[in-house]
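Inside the fold
These are the residues of each chain, in order.
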Amino acid sequence: MNQMTDTQNSGNGSMTNEQRMDEIRENVQGLANSRQVGEALDRLRALIDQTTQMLRDFTQQSGQWTQAAQNRASEMARQLRDQSGVAVDSVSHQVEQNPLMSIGIAFAVGFLCAALIRR
């Protein structure tokens with residue numbers, strides 16, 4: 001009788017208790033695998049979110065670095081213009097104070113350049 005309850009007529013598409021247990025085990029394993037896959041996908045999504053945030057931060061930081069470099073370059077150019085203006089003013093003042101000496105120096109520099117070019 002016990003044998004009868006365990007197995008039923010296979011023509012009706014019935015399963016044995018052992019087959020049902022195997023099917024339940026497969027379903028449980030499939031469910032466990034789907035949980036693992038779900039957890040792996042959640043970890044992957046979290047990693048993608050972290051990477052995206054890091055890229056945003058890097059982009060923002062590089063923009064700030066670029067702006068700082070541009071500001072520094074502008075400041076250096078302004079200082080250079082100011083210093084060259086001072087040098088031009090100084091030379092102009094010297095020429096105005098000593099016009100004959102300035103002409104002599106200009107003649108000597110021109111003569112030297114011509115002599116070097118001939119060689």
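1. Re the overall build of the protein
- A tally of regular secondary structure across the protein gives three helices and zero strands.
- Helices and strands in the protein line up, N terminus first, as α-α-α.
- For the protein, the residues scored as buried account for 2% of the 119 residues in total.
- Total accessible area on the protein is roughly 10,800 Å²; 60% of this is exposed by carbon and sulfur atoms.

2. What to know about the pattern of salt bridges
- One pass over the full model with this rule turns up four salt bridges.
- In this structure, R45 engages D42 in a salt bridge whose closest nitrogen and oxygen atoms are separated by 3.2 Å. Placement of the pair is R45 and D42 together in helix α2 (residues 17–97), with a separation of three residues, close to one helical turn.
- A residue is classified by how much of its surface remains accessible, and R45, at 48% relative accessible area, is partly exposed.
- Salt-bridge contacts for R78 lead to D82; the nearest nitrogen and oxygen are separated by 2.8 Å. Taken together, the positions of R78 and D82, both in helix α2 and four residues apart, correspond to about one turn of that helix.
- One salt-bridge network, held together by shared partners, links E75, R78 and D82.

3. Re helix α3 (residues 99–118)
- Taking 1.5 Å as the rise per residue, α3 with 20 residues should run 28 Å; its terminal C-alpha atoms sit 29 Å apart, in good agreement.
- Among the 20 residues of α3, one are classified as buried, and the element is accordingly described as predominantly exposed.

4. Focus: a nonpolar patch on the surface
- A cluster of nonpolar side chains, contributed by V37, L41, L44, L47 and I48, occupies part of the molecular surface with about 440 Å² of accessible area.
- What makes L47 partly exposed here is its relative accessible area of 48%.

5. Some thoughts on the confidence of the model for the protein
- Averaged over all residues, the pLDDT of the protein is 83; the fraction at 70 or higher stands at 88%.
- When mean pLDDT is compared element by element in the protein, α3 scores highest at 92, while helix α1 (residues 2–6) scores lowest at 44.
- Here residues 1–12 is a poorly scored stretch, pLDDT under 50, and it has seven contacts once near neighbours within four places are set aside; other chains count.

Procedures and definitions
- Residues numbered from 1 in each chain as written.
- Predicted model: local features only at pLDDT ≥ 70, side-chain atom pairs only at ≥ 80, totals over all residues.
- Heavy atoms only, no water.
- Helix = DSSP H or I, 4+ residues; strand = E, 2+ residues; numbered from the N terminus.
- Buried < 20%, exposed > 50% of the residue type's maximum accessible area, 1.4 Å probe, protein only.
- Areas by Shrake-Rupley, 256 points an atom, 1.4 Å probe, with all protein chains shown as cover.
- Salt bridge = Lys/Arg side-chain N within 4 Å of Asp/Glu carboxyl O.
- Expected span 1.5 Å × (residues − 1).
- Patch = residues over 30% accessible without salt bridge, like charges linked within 9 Å, V, L, I, M, F, W, Y side chains within 5 Å.
- pLDDT = per-residue confidence, 0-100.
- Contact = heavy atoms within 4.5 Å.

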